[in-house]
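Architecture and fold: a report
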Amino acid sequence: MQNRNQKGLMLLLLVFGFFSSAGAEEANWRKQAGLEVANPGIVEAVLPPGLHVMSGTGRSSAHKGQQVDLVLNGPDNQPRSFELYWQEESGPVSVMLKPETIELSDDHGLLWEGSIPDMIRADHLRVIVSDPQGMGKVDVEAWGREKWQVVAQNAAIYNTGKQTLADINIEPKNYRRFKFRFFGYDKRWRQTPLPIERIVVSGTKLGRGYAYGYFKPEFKRDTLNEVIEIKSMLPGSGIWLEEIELITQAQFQGTWTIGKEAIVAGRKQFQKLDTGNVFTVNRDEKKLTLKIKRRWPSQSLIIRLNAGGRLIGRIHSFRIKARLPRLVFLADKPGVYTARTGLDNSVGIFEIAGDQKRRVGQILNFLPIQTNMDWRPVDYVQEFAAMGGPFNRDGYTWKAPVPISGPGLFRLVFDRQISKEPNQSGIRLVKGGRQIPFFDTEREIQKIDLEADRSYDRESNRTTWHLRLPTLSSPWVAIELSAAGIFDRQVVIETPKNGSRGRQPWRVMRWASRDKKESRLKIDMRHFPKDRSELRITMAHRDNQPLEIKNIQAFYRARSLIFLAAATGEYELLGGNPDASAPVYDLSLVQDVLLSIEPKQAQAGKVSVFESAGFIARITRAFSDQAWGLYIVLALVTLVLLVIIAKLFPKDNIDVTT
């Protein structure tokens, strides 16, 4: 009995755990908005910008276009099928009218009335009669512009040899209903009702174009060096922006630049996406309209206005016009249907509606959007973190600790000591004897202060600075000199000659400053000879006092790695193996996703060099890795044996007498 109770309790716990985990997953939505459906049928609504969230790592979809993260739940909180599309197709169309009113008149005539779907410009009517011997005429009225109008009168119904019909051309318009009055005749020309088989209306389907919506996001305004910067966060991501409208205190004239905030080299920077100019006085007075017409790749939106010192004043209005997809679904019951984002469900947006003949019964507007304050994004560490293969330490000569305070995505920028490593491809990140997968990202500009040997020749009033560049595995980017005062100098940069003494000019530059503020001269080093590590800077002062250079800095691009740390603790960066090739990790498959996340900064500690490898280890590596190693070792062994043999045999004492 006790065992049975224990089994029952375990079963209840398992069931409770299942439902609680399922409920937790279902509750992890990011935003939601409802649609109040009164009656079952086809329902359509324009997706608001706040529910337009670009899909990240969702399940794959057969649709190759733009994808958003969206789920639609019914009143029972169960997911429903739905479709997202941009516009409807236009072109020739023919529809058969369904009779809504059929009446016989006292004069043996037939009154027939029916309606056609919306968005059709009708231009032709065809009436088919099922009596091959029938003949008659028809008057047609159409409902348009909220009144009935005659579009055909006494149109003949006759037999073509194949069927009895009437072909009627009408003035093309957006008619909603048609009213036909038939008068049929028998062989003796007596009036008689006509048996109507069908009536077909032909014309052009006026498919609905794109749906547009306006929204006013919150924004923050800053001024930097007379440039006004407007920062805003869009309510969704991946939204197609048509135009941006700004109303300012004074009319804007100048250059505008629009872009987004991006993570470059581990730092947030402005990334320009478009620019334009306004040089005229326009009729809209204080309205500035920026034509965008593109899918915006981020939620971040930044506008920079440079009016050249002219007044702009306050920003009274900031409005965005966006192209929005339509959502359509079949409501199987009345109630509230809820659209949710943040559940990692990728849905494609079709360019053209999937079913051109469906008739939408209800066009609704979404209720106000709700935000889930408890929403948590996908745990990328658990999703993608994976250990690499085992690490073989043989051949590595140095290591540097990389302490990690907690799980997450990290970016490690190499310092100058690690940047000296000649075989950058052989560097590995290791923890617990296994490799940690990583991938390279944009190199970060680093700078160091350089010491220079200065000498001054009073007779020629000339100063010379001699610089020695530290060893690096990557080329230098630039050298920057700084000085203060009003001056105009010619700077001559020289490098040592190849294979001989003396120097040769490499670059001549002019350095001028018109005020007493600090001035900087940047020397582009990207084409500096790779085999040189010295340069001499010479400056002639002519009849002026000597110019003192306050600071000399060198800039280089440091390698940086992105990696996922699944555990807290100390990781190790190892290098110094000249034979190690570049690693190939599976993490590169999700590189684009991870680059969209702002990583934390990791820092390597002091490099420690291993003790020299033993003689046996070197011989083993020489035999196993390189064929030429065998010959070098044999030559060394032979040389040692010859020395030993020479030591064993005594020298002959030769007595030479004269």
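Look up a bit, the structure's there.
Residues numbered from 1 in each chain as written. Predicted model: local features only at pLDDT ≥ 70, side-chain atom pairs only at ≥ 80, totals over all residues. Heavy atoms only, no water.

Describing the overall build of the chain
A tally of helices and strands in the chain yields 6 helices and 45 strands. With 658 residues in all, the chain has 41% of them scored as buried. Here the analysis covers contacts within the chain between residues at least 6 apart in sequence; of these, 80% occur between residues at least 24 apart. Accessible area for the chain stands at about 39000 Å²; split by element, carbon and sulfur atoms hold 51% of it. (Helix = DSSP H or I, 4+ residues; strand = E, 2+ residues; numbered from the N terminus. Buried < 20%, exposed > 50% of the residue type's maximum accessible area, 1.4 Å probe, protein only. Contact = heavy atoms within 4.5 Å. Areas by Shrake-Rupley, 256 points an atom, 1.4 Å probe, with all protein chains shown as cover.)

Side note on the pattern of salt bridges
Scanning all chains against the criterion turns up 30 salt bridges. D332 is the salt-bridge partner of R80, the closest N and O atoms lying 2.8 Å from each other. One end of the pair, R80, is in the loop between β4 (71–73) and β5 (83–87); the other, D332, is in the loop between β25 (326–331) and β26 (335–341), with 252 residues separating them in the sequence. Owing to a relative accessible area of 43%, D332 belongs among the partly exposed residues under this scheme. With its nearest N and O atoms 3.4 Å apart, the salt bridge here joins E242 to R323. Here E242, found in strand β19 (residues 240–248), pairs with R323, found in strand β24 (residues 315–324); they are 81 residues apart in sequence, far enough to count as distant. Owing to a relative accessible area of 12%, R323 belongs among the buried residues under this scheme. (Salt bridge = Lys/Arg side-chain N within 4 Å of Asp/Glu carboxyl O.)

Observations regarding the pairing of strand β18 (residues 227–233)
Bridge count between strand β17 (residues 219–224) and β18: 6 bridges; the pairing is antiparallel. From the neighbouring strand, L224 faces β18, where its bridge partner is V227. Between the end of β17 and the start of β18, which pair antiparallel, lie 2 residues, with N225 showing a positive phi angle near 50 degrees. In this sheet, strand β23 (residues 300–306) lies alongside β18 in antiparallel orientation, the contact comprising 7 bridges. Looking at β23, one finds that K231 is bridged to I302. (Pairing = 2+ DSSP bridges.)

Digging into the packing of aromatic side chains
One pass over the structure, following the stated rule, counts 15 aromatic pairs. Relative to F318, the ring of F219 has its centre 5.5 Å away and its plane inclined at 85 degrees; by these criteria the two rings are edge-to-face. On the criterion of sequence distance, the pair formed by F219 in strand β17 and F318 in strand β24 is long-range, its members being 99 residues apart. For F318, a relative accessible area of 3% gives the class buried. Lying over the aromatic face of Y210, R323 brings its terminal NZ or CZ to 3.7 Å of the ring centre. Between the NZ or CZ atom of R393 and the centre of the ring of F610, over which it lies, the distance is 3.9 Å. (Phe/Tyr/Trp six-rings, centres within 6.5 Å; stacked < 30°, edge-to-face > 60°. Lys NZ or Arg CZ within 6 Å of the ring centre and 35° of its normal.)

As for a nonpolar patch on the surface
A contiguous nonpolar patch, built from V640, L641 and I644 and spanning about 260 Å² of accessible area, is present on the exposed surface. With respect to the helices and strands, V640 occurs in helix α6 (residues 627–648). For V640, a relative accessible area of 47% corresponds to the partly exposed category. (Patch = residues over 30% accessible without salt bridge, like charges linked within 9 Å, V, L, I, M, F, W, Y side chains within 5 Å.)

Regarding the nonpolar core
Among the nonpolar cores identified, the biggest contains 29 residues, and I479, L481, W511, L535 and I537 are the most heavily contacted of them. Sorting the residues of this core by element identifies β36 (462–468), β37 (476–484), β38 (487–496), β39 (503–513), β40 (518–524), β41 (534–540) and β42 (551–565) as the ones contributing at least two each. Not counting the four nearest positions on each side in its chain, I479 is found in contact with L450, L467, L469, L521, K522, I523, M525, L535, I552, Q553 and A554. If you look at the next biggest cluster of nonpolar residues, it comprises 28 residues, including W112, A122, L125 and I199. (Core = buried A, V, L, I, M, F, W, Y, C linked by side-chain atoms within 4.5 Å.)

Observations regarding the sheet that holds strand β1 (residues 31–37)
The antiparallel open sheet is built from 4 strands, whose spatial order is β4-β26-β1-β29. Across the chains shown, the open sheet's two edge strands, defined by having one partner strand only, are β4 and β29 (370–371). In this sheet, β26 lies alongside β4 in antiparallel orientation, the contact comprising 3 bridges. Bridge pairing in β26 places V71 opposite R340.

Observations concerning the environment of R340
Residue placement: R340 occurs in strand β26. When the C-alpha positions of R340 and L70 are compared, they lie 5.6 Å apart, and in sequence the two are 270 residues distant. Separated by 2.7 Å, the side chains of R340 and Q32 make a polar contact. (Polar contact = N/O pair within 3.5 Å; in protein donor to acceptor, adjacent residues only side chain to side chain.)

Side note on the sheet that holds β38
An order of β35-β36-β41-β38-β39 is seen for the 5 strands of this open sheet, with the pairing classed as antiparallel. Of all the strands in the sheet, just β35 (452–457) and β39 have a single pairing partner and so form its edges. For this sheet the average axis-to-axis angle between neighbouring strands, irrespective of direction, equals 20 degrees. Relative to β36, β35 is paired through 6 bridges, and the arrangement is antiparallel. What sits directly across from D453, in β36, is H466. (Axes fitted to C-alpha atoms, helices over the stretch in contact; angles between N-to-C directions.)

Describing the environment of I199
When you line up the elements, I199 lands in strand β15 (residues 196–205). Here the alpha-carbon distance between I199 and R126, two residues 73 residues apart in the chain, equals 5.7 Å. Ignoring sequence-local partners within four residues, the contact set of I199 consists of V95, M96, L97, W112, R126, V127, F180 and F182.

As for unusual backbone geometry
The phi dihedral of N154 falls on the positive side, at around 55 degrees, and the residue is not glycine. By the secondary structure assignment, N154 is in strand β11 (residues 147–159). Phi at D344 takes a positive value of approximately 60 degrees, unusual for a residue other than glycine. Take D344: it is sitting in the loop between β26 and β27 (346–352). Overall, the relative accessible area of 26% leaves D344 in the partly exposed class.

Some thoughts on the side chain of E494
Topologically, E494 is positioned in strand β38. For E494, the side chain forms a polar contact with the side chain of R536, separated by 2.7 Å. Apart from the residues within four sequence positions on either side, E494 is in contact with R503, Q504, P505, W506, E534, L535, R536 and T538.

Treat this as a map of the structure, not an account of what it does.
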